[in-house]
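Close look at the chain arrangement
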Amino acid sequence: APPFHKAEQPPGAESRARAALVPGATLIESFADAPTSAMFPTELQIVATSSEQRRREFGTVRACARAALASIGVGAQPILPDPDGAPRWPEGVVGSMTHCAGYRAAVVARASDFLAIGLDAEPHDVLPEAARDLVVRKDERALLSEMGSRNVHWDLVIFCAKEAVYKAWFPVARRWLEFSDVRIVLDVDGAFEARVLDPHPAWASFGFFSGRWITDRDLVVAAAWAPAREGDRS
């Protein structure tokens, strides 16, 4: 199997806090890119004509994912995108990957414990006004106005949380979402709740997500998850 390039790990409590974003799941992150040789040939083929940056992003998040999979006893194997771009996880596993400037991460768990997991990371900066109008619902905006600054760009946290929700939602539902289709209720202590406002009756029992978010090292990282249904638990 290709070697995993050991990632630089941030010191102190921040690393532990991100690692604990999803209780019961394993999160592996990297602030340095893995060598291209860490990819399987079938993965290399996917990004053969992509830029060097894209190849490194693609390969490093998969190196993180394989390290996370190894921690739950799953052997190294290619992680290829499906026709919609969602990663194909090994049988019995759910997970999510994310990358942004200077950061790559993956989270995985047993499908017996989680129905879905989503992970997103973004540079912690001002969300452009045009994007804010698309991302933040009026009811969310009213709640954010009561939270104060706390040196947090709350609208960016909302964006990151909704991206995490979408990454959890789509592989199960196979339905596209607009930002306005997701309602986020943030807690200043780093938690959030999310509801997908999809009227389709098939999702009456799937569309409520728990989540956590954190800001440090000029990043916002958010994770959303839904527990396994009773019938899926082993």
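These lines cover the structure that appears in this document, whether it is placed above or below.

Here is what the cut-offs are and how they apply
Residues numbered from 1 in each chain as written. Predicted model: local features only at pLDDT ≥ 70, side-chain atom pairs only at ≥ 80, totals over all residues. Heavy atoms only, no water. Pairing = 2+ DSSP bridges. Helix = DSSP H or I, 4+ residues; strand = E, 2+ residues; numbered from the N terminus. Axes fitted to C-alpha atoms, helices over the stretch in contact; angles between N-to-C directions. Contact = heavy atoms within 4.5 Å. Buried < 20%, exposed > 50% of the residue type's maximum accessible area, 1.4 Å probe, protein only. Phe/Tyr/Trp six-rings, centres within 6.5 Å; stacked < 30°, edge-to-face > 60°. Lys NZ or Arg CZ within 6 Å of the ring centre and 35° of its normal. Disulfide = S-S within 2.5 Å.

Overview of the sheet that holds strand S7 (residues 208-216)
The sheet built from five strands is open, its strands ordered S4-S8-S7-S6-S5 with antiparallel pairing. At either margin of the open sheet sits one strand with a lone partner, and together these are strand S4 (114-123) and strand S5 (182-186). Ignoring strand direction, the axes of neighbouring strands in this sheet form an average angle of 20 degrees. Alignment of S4 against strand S8 (residues 219-227), held across nine bridges, turns out to be antiparallel. Among the inter-strand pairings, aspartate 120 is bridged to a residue of S8, identified as alanine 222. Across the sheet, helix H6 (residues 154-173) touches S4, S5, strand S6 (191-196), S7 and S8, and the angle it forms with S4 is around 145 degrees.

So, the side chain of arginine 66
Looking at the secondary structure, you find arginine 66 in helix H3 (residues 52-71). Residue arginine 66 is classed as buried on the basis of its relative accessible area of 8%. With residues up to four places along the chain from it excluded, the contact list for arginine 66 reads Ala38, Met39, Phe40, Glu43, Ala76, Gln77, Pro78 and Ile79.

Focus: the environment of cysteine 160
Topologically, cysteine 160 is positioned in helix H6. A residue is classified by how much of its surface remains accessible, and cysteine 160, at 0% relative accessible area, is buried. In this structure the C-alpha to C-alpha distance between cysteine 160 and histidine 124, which are 36 residues apart in sequence, comes to 9.8 Å. Contact partners of cysteine 160, with chain neighbours within four places excluded, come to Asp120, Ala121, Glu122, Val220, Val221 and Ala222.

Quick notes on unusual backbone geometry
The phi angle at arginine 174 is positive, at roughly 55 degrees, despite the residue not being glycine. Relative to the helices and strands, arginine 174 resides in the loop between H6 and S5. According to the relative accessible area criterion, arginine 174 is partly exposed, its value standing at 38%. Its identity is not glycine, yet aspartate 218 carries a phi of approximately 60 degrees, on the positive side. Position of aspartate 218 among the secondary structure elements: in the loop between S7 and S8.

Re the packing of aromatic side chains
This model, assessed by the stated rule, comprises eight aromatic pairs. For the ring pair tyrosine 166 and tryptophan 176, a centre distance of 6.3 Å and an interplane angle of 20 degrees mean the geometry is stacked. Taken together, the positions of tyrosine 166 in helix H6 and tryptophan 176 in the loop between H6 and S5 put the pair 10 residues apart, joining distant regions of the chain. According to the relative accessible area criterion, tyrosine 166 is partly exposed, its value standing at 22%. Chaining the aromatic ring pairs together yields one cluster made of Tyr166, Phe170 and Trp176. Positioned over the ring face of phenylalanine 58 is arginine 62, at 3.6 Å from the centre of the ring. Stacked on the ring of phenylalanine 31, the Lys or Arg arginine 217 has its end atom at 3.8 Å from the ring centre.

Quick word on the state of the cysteines
Going through the model one piece at a time under the given rule, you end up with zero disulfides. A disulfide-free cysteine, cysteine 64 has its sulfur positioned 12 Å from the sulfur of cysteine 100, the nearest such atom. Cysteine 100 carries a free sulfur, and the closest cysteine sulfur to it, the one in cysteine 160, is 8.2 Å from it. A residue is classified by how much of its surface remains accessible, and cysteine 100, at 8% relative accessible area, is buried.

Things to note about the environment of glutamine 53
Its place among the elements puts glutamine 53 in helix H3. A relative accessible area of 55% places glutamine 53 in the exposed class. For the pair glutamine 53 and aspartate 216, spaced 163 residues apart in sequence, the C-alpha to C-alpha distance is 24 Å.

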